[in-house]
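An overview of the molecular structure
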Amino acid sequence: MVAVTDAAPPRAGNPWLAAWPVTAVFVLSNAPTPLYVLWQHRLGFSAGTLTVIFAAYIAGLLAALLVAGRASDRLGRKPVVLPGVLLALVACALFATATSVLALAIARLLAGIAVGITVSAGMAAVVDVGGPERARTATLAASTAMVFGAGLGPLLAGTLSETLPGPTVTIFVLSAALLLSAAIVVGRLPLQRPAGPGTGGWVRVPAIPRAHRKHLALGIAVFAPGITSTSFMLSLGPALLAGVLGTSNRLLAGATAFVMFGAATTVQFAARRLGVRAILLTGTVTALACMAALLVAVYARWVPAIVVTAVLAGAAQGLGQLGGLTMISAHVPERRRAEANALLNFGGYIPAALLPVGTGYLSDALGFTTGSTIFAAVLAVASLAAGGLVWHHERTP
């Protein structure tokens, strides 16, 4: 096993301020959501192509996770987080000027890379800034900053696109301004470089010491169904709304996404004093309830069921994310924390990419109802399995 040099401990700071770059990057991550219907109308692409564009984001995210966590633990947080913010700025420019599916896919790819850097190095930086004495608060700050930004982006995009000129431009101008302020915050964070350069390769699948793998595996098992639920709602939720209501109102699509991630934020504050086992088990039950609500929404074509599905999807992601990050902050040493964050997201985003894409193409071939039913069944089985793993682990000495 290659030895990793311990990092010099940073002086304590304000984890809530340190979480602002996470929020700013995640505002961009989901800002395109209400605009997909508009781009579909302009460029004429199918639901399957839409999910591929969405999956380009996850492909970029996963590619970044192969490098960012490792690089951040070796070079320090700032030299990795700051380029991520700059890539997000480039993605803003591409989104604002996109005139083809390829341009949208490249913009989503770059946004995904920025997010991959943020969920590994950026969120580890928040915990580092908080220090050991504020680890739980810093974990909450990092996790809620992610879901708050993810919900705020589509709400702002939907509102601005319905009320101001340039519906596919204005939100990205605002997002660029937020990212510039985030770059300033990153530059001022009280973080130090590691004491030594570290050794070994730069690109590898994230890994952590064997003793901590079972804890991380439980977090991934619960986080993956939750974030896959929100991925479905972000990519195909606007189509579901359009099918039920016969409208492509972008403010409504953005508000639905905001409600979803508002639930993800709120549930984490509500659960912050619970034990990790309770958080994870509640996450699995919530994901199961989300799939039941989705089936009601699809078959009954009932708007309240769509709202309930969005709320439960956000809550499932929030609980799985908080449980996984709490496991990391409690069990994984600081010098491997960014890599552990990367692994948590790697395990969650792979199904979040594959299942909605498969559902999109199934919907094109067999109809939206059949595709959604298969998606709900697969995710329900995954959630039951995750609950069983958590229950068995906690009952085993």
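Going along each chain's sequence as written, the residues are numbered from 1 onward. Predicted model: local features are reported for residues with pLDDT of at least 70 only, side-chain atom pairs are reported and counted for 80 or more only, and whole-chain, interface and lining totals are derived from all residues. Heavy atoms from the whole structure form the basis of all side-chain values; hydrogens and water molecules are not counted.

1. Some words on the overall build of the chain
Across its full length, the chain carries 15 helices and zero strands. By the burial criterion, 57% of the 397 residues in the chain qualify as buried. Using a 1.4 Å probe, the Shrake-Rupley method yields the accessible areas, and only the shown protein chains count as cover for residues. For the chain, the computed accessible surface area is about 14700 Å², with 70% contributed by carbon and sulfur atoms. A run of H or I in DSSP becomes a helix once it reaches four residues, and a run of E becomes a strand once it reaches two; helices and strands are each numbered from the N terminus. Relative accessibility thresholds used throughout: buried, under 20% of the residue-type maximum; exposed, over 50%; partly exposed, between the two (1.4 Å probe, protein chains only).

2. Thoughts on the side chain of Ser72
For Ser72, the position within the fold is in helix α5 (residues 68-75). Setting aside residues up to four positions removed in sequence, Ser72 forms contacts with Arg77, Val80, Ala121 and Ala338. Contacts: residue pairs with any heavy atoms within 4.5 Å of one another.

3. Some words on the nonpolar core
Only buried Ala, Val, Leu, Ile, Met, Phe, Trp, Tyr and Cys residues count toward a nonpolar core, and they belong to the same one when joined by side-chain atoms within 4.5 Å. Counting residues in hydrophobic clusters, the biggest one holds 99 residues, and the most contacted among them are Phe26, Leu28, Phe172, Leu179 and Tyr349. Among the elements that line this core, the one with the most residues is helix α7 (residues 101-130), at 13 residues. Filtering out sequence-adjacent residues up to four positions away, Phe26 remains in contact with Tyr57, Val115, Thr118, Val119, Met146, Gly149, Ala150 and Tyr349. The next biggest cluster of nonpolar side chains, apart from the first, holds nine residues, and it includes Ala221, Val222, Val276 and Leu281.

4. Quick look at the pattern of salt bridges
We define a salt bridge as a side-chain nitrogen of Lys or Arg found within 4 Å of a carboxyl oxygen belonging to Asp or Glu. Summed over the entire model, instances satisfying the criterion amount to one salt bridge. Residues Asp128 and Arg77 are paired through a salt bridge, measuring 2.7 Å at the closest nitrogen-oxygen approach. With Asp128 in helix α7 and Arg77 in the loop between α5 and α6 (78-97), this residue pair connects regions lying 51 residues apart in the sequence. What makes Asp128 buried here is its relative accessible area of 7%. A relative accessible area of 7% means that Arg77 is categorised as buried.

5. Notes on helix α14 (residues 337-366)
Residues spaced three or four apart along an α-helix point in a common direction, a consequence of the helix completing one turn every 3.6 residues. For a helix, the expected span equals 1.5 Å multiplied by the number of residues minus one. With 30 residues, α14 extends 43 Å between its outermost C-alpha atoms, agreeing within 8% with the 44 Å of an ideal straight helix rising 1.5 Å per residue. In the stretch just after α14, Gly367 is the one whose phi turns positive, near 105 degrees.

6. Quick look at the packing of helix α8 (residues 135-163) against helix α9 (residues 170-188)
Each axis is a line fitted through C-alpha atoms, and for a helix only the stretch in contact is used; angles between axes span 0 to 180 degrees, taken between their N-to-C directions. Direction vectors running N to C along α8 and α9 enclose 140 degrees, while the axes themselves pass 9 Å from each other. The orientation of α8 with respect to α9, classified from their angle, is oblique. Here α8 runs over α9; the crossing is right-handed. Side by side, α8 and α9 meet where Gly153, Leu156, Ala157 and Leu160 of the first sit next to Thr170, Ile171 and Leu174 of the second. Think of it as three bins: nonpolar holds Ala, Val, Leu, Ile, Met, Phe, Trp, Tyr, Cys and Pro, charged holds Asp, Glu, Lys and Arg, and polar takes everything else, Gly as well. Residues of the contact of α8 with α9, tallied by class, amount to five nonpolar, two polar and no charged. Here the angle decides the label: under 35 degrees means roughly parallel, over 145 means roughly antiparallel, 65 to 115 means roughly perpendicular, and every other value means oblique. By definition, turning the near helix anticlockwise from the far helix through less than a right angle yields a left-handed crossing, and turning it clockwise yields a right-handed one.

7. A word on the packing of aromatic side chains
When the centres of two rings from Phe, Tyr and Trp lie within 6.5 Å, Trp using its six-membered ring, the rings pair. Their planes under 30 degrees apart give stacked, over 60 give edge-to-face, and anything left gives tilted. As enumerated under the stated definition, the model contains seven aromatic pairs in all. Their ring planes at 40 degrees and their centres at 6.4 Å tell us that Phe232 and Phe368 sit as a pair that is tilted. Highlighted residues: Phe232 in helix α10 (residues 210-245) and Phe368 in helix α15 (residues 368-395), separated in sequence by 136 residues. Assessed through its relative accessible area of 1%, Phe232 is described here as buried. Judged by its relative accessible area of 24%, Phe368 falls in the partly exposed class. Centroid distance Phe232 to Phe375: 4.6 Å. Interplanar angle 20 degrees. Geometry classified as stacked. Of this pair, Phe232 sits in helix α10 while Phe375 sits in helix α15, placing them 143 residues apart in sequence.

8. A short note on the confidence of the model for the chain
Here pLDDT means the predictor's own confidence in every residue, given as a number from 0 to 100. Looking at the chain as a whole, its pLDDT mean stands at 82, while 88% of the residues score no less than 70. Predicted confidence for residues 1-10 stays below pLDDT 50, and this span has 24 contacts to residues more than four positions away or in other chains.

9. A word on helix α13 (residues 303-331)
With 29 residues, α13 extends 42 Å from end C-alpha to end C-alpha; this agrees with the ideal 42 Å at 1.5 Å per step. Of all 29 residues that make up α13, 22 are buried, and the element is covered over most of its length.

10. Observations concerning a nonpolar patch on the surface
Taken together, the side chains of Val259, Val307 and Val311 present a nonpolar region at the surface, about 190 Å² in accessible area. Assignment of secondary structure puts Val259 in helix α11 (residues 250-271). Exposure above 30% relative accessible area and the absence of a salt bridge qualify a residue for a patch, where like charges join within 9 Å and nonpolar side chains (Val, Leu, Ile, Met, Phe, Trp, Tyr) within 5 Å.

11. As for the packing of α6 against α9
A packed helix pair is summarised by two numbers, namely the angle formed by the two axes and the spacing between the axes. Packing of α6 against α9 brings their axes to within 9 Å, and their N-to-C directions diverge by 170 degrees. Between α6 and α9, the crossing angle belongs to the class labelled roughly antiparallel. Here α6 contributes Lys78, Val81, Leu82, Val85, Ala88, Leu89, Cys92, Phe95 and Ala96 to the contact with α9, which in turn contributes Phe172, Ser175, Ala176, Leu179, Leu180, Ala183, Val186, Gly187 and Arg188. Residues of the contact of α6 with α9, tallied by class, amount to 14 nonpolar, two polar and two charged.

12. Describing unusual backbone geometry
Despite not being glycine, Arg301 shows a phi value in the positive range, around 50 degrees. Relative to the elements of secondary structure, Arg301 occurs in the loop between α12 (276-300) and α13.

13. Considerations on the environment of Ala56
Mapping Ala56 onto the fold places it in helix α4 (residues 47-65). C-alpha of Ala56 to C-alpha of Ala111: the two residues are 55 residues apart in sequence and 9.1 Å apart in space. Beyond its immediate chain neighbours, meaning those up to four positions away, Ala56 contacts Ala105, Arg108 and Leu109.

14. Details of the side chain of Thr286
Along the chain, the position of Thr286 falls in helix α12. A relative accessible area of 12% means that Thr286 is categorised as buried. Once residues lying within four places of it in the same chain are set aside, the contact partners of Thr286 are Leu312, Ala315, Ala316 and Leu319.

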